[in-house]
Amino acid sequence: MDNIVEVAAVDQAGQLASFSNFSRTKVMLAAPGVRIKSCSSLPYHTRTDSGTSFLAPNVAATLAMMVNRFPGDTYSEIIDRLRRSVDPDATLELKTISGGCLNIGRALGMER
């Protein structure tokens, strides 16, 4: 299906996480997925966790904002725009289609 965006997880240093999938032909890009701070079940507390489940909301929110920012684009054009907006990273070049990591500002056309 051409409307699915597969994402690899990277750590703070931009290295592929040990638990992450990768594929030069299937995984579109990477995004932070290691030691992500999130809400805790305790009031006024946060927790740190890792996993692709923690990067998915950032990528989904970026795509949703892109749909709003570029209302005339088809979903294929939005996904291609996302692919072209990454921060290039040599370590991801052979592990993802885009060869880079999510850059929300660039995806929204806010930086070059």
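Everything that follows concerns the structure shown earlier in this document.
Residues numbered from 1 in each chain as written. Predicted model: local features only at pLDDT ≥ 70, side-chain atom pairs only at ≥ 80, totals over all residues. Heavy atoms only, no water.

Enquirer: I'm lost on the nonpolar core in this one. Help?
Expert: Core analysis: the biggest nonpolar cluster contains 20 residues, and V5, V7, L29, V59, L63, M66 and L82 have the highest contact counts within it. Elements that contribute at least two residues to this core include exactly β1 (6-10), β2 (27-32), α1 (52-69) and α2 (75-84). If you tally residues by element for this core, the top one is α1, at four residues. Counting residues in each nonpolar core, the second largest holds six residues, with V27, A30, L92 and C101 among its members. (Core = buried A, V, L, I, M, F, W, Y, C linked by side-chain atoms within 4.5 Å. Buried < 20%, exposed > 50% of the residue type's maximum accessible area, 1.4 Å probe, protein only. Helix = DSSP H or I, 4+ residues; strand = E, 2+ residues; numbered from the N terminus.)

Enquirer: Hey, could you run me through the packing of α1 against α2 in this one?
Expert: Axis angle and axis distance: for two packed helices, these are the angle between their axes and the distance between the axes, and together they describe the pair. Where α1 meets α2, the closest approach of the two axes is 10 Å, and the angle between their N-to-C directions is 120°. With respect to each other, α1 and α2 are oriented oblique. Handedness of the crossing formed by α1 with α2: right-handed. Contacts from T62, L63, M66 and V67 in α1 reach I78, R81 and L82 in α2. Each residue belonging to the contact of α1 with α2 can be placed in one class, and the counts come to five nonpolar, one polar and one charged. (Axes fitted to C-alpha atoms, helices over the stretch in contact; angles between N-to-C directions. Parallel < 35°, antiparallel > 145°, perpendicular 65-115°, else oblique. Left-handed = near helix turned anticlockwise from the far one by under 90°. Contact = heavy atoms within 4.5 Å. Nonpolar A, V, L, I, M, F, W, Y, C, P; charged D, E, K, R; others polar.)

Enquirer: Looking at this structure, how should I read α1?
Expert: One full turn of an α-helix is made of 3.6 residues, so residues set three or four places apart face in the same direction. Between the first and last C-alpha of α1 there are 26 Å, a value that for 18 residues agrees with the 26 Å anticipated at 1.5 Å per step. Among all positions of α1, only L55, V59, T62, L63 and M66 are buried. Summarising the axial view, the buried residues of α1 lie within an arc of 95°, below the 170-degree limit, and thus occupy one face. Exposed residues lying more than 90 degrees from the buried face of α1 are S53 and N68. Lining the buried residues of α1 we find β1, β2, α2 and α3 (104-107). (Expected span 1.5 Å × (residues − 1). Arc of directions from axis to C-beta.)

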